[in-house]
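One-letter residues, chain by chain:
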Amino acid sequence: MTQVAVVTFDGFNELDSFVAAAIVNRCRHDGLTAYITTPTPTVTSMNGVEITGQRAFDFIPEADVVLIGSGIRTRDVVADDTVLASLPLDPGRQLVGSQCSGALVLARLGLLADLPACTDATSRPWVEAAGVEVLDAPFHASGPIATAGGCMASQYLAAWTISRTLGEAAARAAIDYVAPVGEKQSTVEHVFRVLRAGERVTAG
């Protein structure tokens with residue numbers, strides 16, 4: 001089984017965590033499962049939705065993929081060395097992705113190095129202040145590290161995760177399942193155009 005930790009902090013954005021987890025979990029029958037992974041037993045979203053995490057942070061080292069969600073308290077997260085120490089990410093063994101302000105976490109952990117990143121408009125000044133070049137794009141991937149910007153860009157992280165673990169056909173099927181009726185083919189093709197463009201930025 002391939003396991004995905006969708007890291008979800010207090011103050012999280014529901015779209016970031018739930019959309020990515022839901023799309024990835026379309027592939028549970030193929031052995032790919034996503035878990036909402038939280039630093040405390042319960043966390044509350046930026047809109048007041050309280051949830052119980054499916055996995056604690058001690059699950060992160062055994063996960064094959066780690067996706068860092070965003071929220072209104074990410075700057076507090078990156079200012080807390082104790083919290084950062086509880087995120088032992090290993091791109092040599094894991095796929096690592098971030099959504100919106102989650103790029104700040106990757107930057108603070110030193111995982112972006114010379115890589116450009118994608119993030120949302122609100123977080124952009126903070127990510128740039130961390131010394132990271134921010135792309136005017138929804139998705140970028142280089143090797144085992146990917147970043148996405150904008151709430152609905154979580155579909156790109158999900159598709160990237162599925163493609164890298166199960167293959168493109170499985171990812172296309174998952175996106176097709178969740179795409180709007182009457183727009184399925186165009187949605188699938190759009191998602192994969194974005195993924196290919198995001199992977200060419202560094203290669204080119």
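A short tour of the structure in this document, coming up. (Residues numbered from 1 in each chain as written. Predicted model: local features only at pLDDT ≥ 70, side-chain atom pairs only at ≥ 80, totals over all residues. Heavy atoms only, no water.)

### Some remarks on the overall build of the protein
Across its full length, the protein carries eight helices and nine strands. Its C-alpha radius of gyration of 15 Å places the protein within 12% of the 17 Å reference for a compact globule of 204 residues. With the C-alpha coordinates of the protein rotated into their principal frame, the extents come out at 45 × 40 × 35 Å. When each of the 204 residues of the protein is scored for burial, the buried share is 51%. Long-range contacts, defined as pairs at least 24 residues apart, comprise 64% of the intrachain contacts of the protein with a sequence gap of at least 6. Charge-centre separation for the protein: the mean point of 14 positive side chains lies 5 Å from the mean point of 22 negative side chains. (Helix = DSSP H or I, 4+ residues; strand = E, 2+ residues; numbered from the N terminus. Rg over C-alpha atoms; globule rule 2.2 N^0.38 Å. Buried < 20%, exposed > 50% of the residue type's maximum accessible area, 1.4 Å probe, protein only. Contact = heavy atoms within 4.5 Å. Lys, Arg positive; Asp, Glu negative; His and termini not counted. Charge placed at Lys NZ, Arg CZ, Asp CG, Glu CD.)

### Concerning helix 6 (residues 154–166)
Because each turn of an α-helix spans 3.6 residues, side chains separated by three or four positions in sequence point in the same direction. For helix 6, spanning 13 residues, the distance from its first C-alpha to its last is 18 Å, which sits close to the expected 18 Å at 1.5 Å a residue. Residues of helix 6 that are buried: Ser154, Gln155, Tyr156, Leu157, Ala158, Ala159, Trp160, Thr161 and Ile162. Phi turns positive one or two residues past the end of helix 6, at Gly167, with a value near 110 degrees. (Expected span 1.5 Å × (residues − 1).)

### Let's talk about the sheet that holds strand 8 (residues 139–142)
What the seven strands build is an open sheet, ordered 5-2-1-6-7-9-8; its pairing is mixed. For this open sheet the edge positions go to strand 5 (55–56) and strand 8, each flanked by a neighbour on one side alone. Examined bridge by bridge, strand 8 and strand 9 (residues 145–148) share four bridges and lie antiparallel to one another. Bridge pairing links Ser142 to Ile145 in strand 9. Across the sheet, helix 1 (residues 14–24) touches strand 1 (2–7), strand 2 (32–38), strand 6 (65–68) and strand 7 (95–99), and the angle it forms with strand 2 is around 160 degrees. Those strands touched by helix 6 are strand 1, strand 2, strand 6, strand 7, strand 8 and strand 9, and its axis lies near 170 degrees from that of strand 7. (Pairing = 2+ DSSP bridges. Axes fitted to C-alpha atoms, helices over the stretch in contact; angles between N-to-C directions.)

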